[in-house]
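# Observations on chain architecture
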Amino acid sequence: MNRSMLLAITVFATGAALVAVNAKPFTYDLPEDKAAFKPGPNLEVVQGNCVSCHSSDYVLTQPQGPKFKKDFWEAEVTKMIKVYGAPIDDKDVPKIVEYLTATY
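Attention in this report is confined to the structure presented alongside it. (Residues numbered from 1 in each chain as written. Predicted model: local features only at pLDDT ≥ 70, side-chain atom pairs only at ≥ 80, totals over all residues. Heavy atoms only, no water.)

### Thoughts on helix H4 (residues 70–82)
The following threshold applies: Helical segments are the DSSP runs of H or I of at least four residues, strand segments are the runs of E of at least two, and each set is numbered from the N terminus. For a helix, the expected span equals 1.5 Å multiplied by the residue count minus one. Using a 1.4 Å probe on the protein chains alone, a residue whose accessible area is under 20% of its type maximum counts as buried, one over 50% counts as exposed, and one in between counts as partly exposed. Relevant arc is that of directions from the helix axis to the C-beta atoms, nothing else. In this analysis, two residues are considered to be in contact whenever any of their non-hydrogen atoms come within 4.5 Å of each other.
Over its 13 residues, H4 runs 18 Å from end to end, which matches the ideal 18 Å to within 8%, given 1.5 Å per residue. Taken together, the buried positions of H4 are Phe-72, Trp-73, Glu-76, Val-77 and Met-80. Seen end-on, H4 carries its buried residues on one side only, within an arc spanning 130°. The outward face of H4, more than 90 degrees from its buried face, is lined by the exposed residues Asp-71 and Lys-82. Next to the buried residues of H4 lie helix H3 (57–60) and helix H5 (93–103).

### With respect to unusual backbone geometry
In terms of backbone geometry, most residues other than glycine have negative phi values and most peptide bonds are trans. Non-glycine residue Asn-42 carries a positive phi angle of around 70°. Within the fold, Asn-42 resides in the loop between helix H1 (3–22) and helix H2 (43–49).

### What about H5?
Within H5 the residues assigned to the buried category are Val-93, Ile-96, Val-97, Tyr-99, Leu-100 and Thr-103. Along H5, the residues classed as buried sweep out an arc of 160° about the axis, all on the same side. In H5, the exposed positions that point more than 90 degrees away from the buried face belong to Pro-94 and Ala-102. Looking at the buried residues of H5, the elements they touch are H2, H3 and H4.

Below is the structure:
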């Protein structure tokens, strides 16, 4: 490496370091989280599993009504595990399905 190239690298690195030193943190306030899972059976299991990936608002975006009960929620929980990689223990699946079926 020649001297001019070494000098150019040194100047660039020094300039980059100065920019990093002069950077100021950016702070902002997040909106208050008003979403919460409704009370229901096995709520603590749902909170312990589901909220690590999404808020309770996600549940409200799912279809609702008499056609969307146990079979629907079993398929949704299975999708969360198999497609999205949700780390849900097999023993928790029926509890989550029971909660969602009873509550939504």
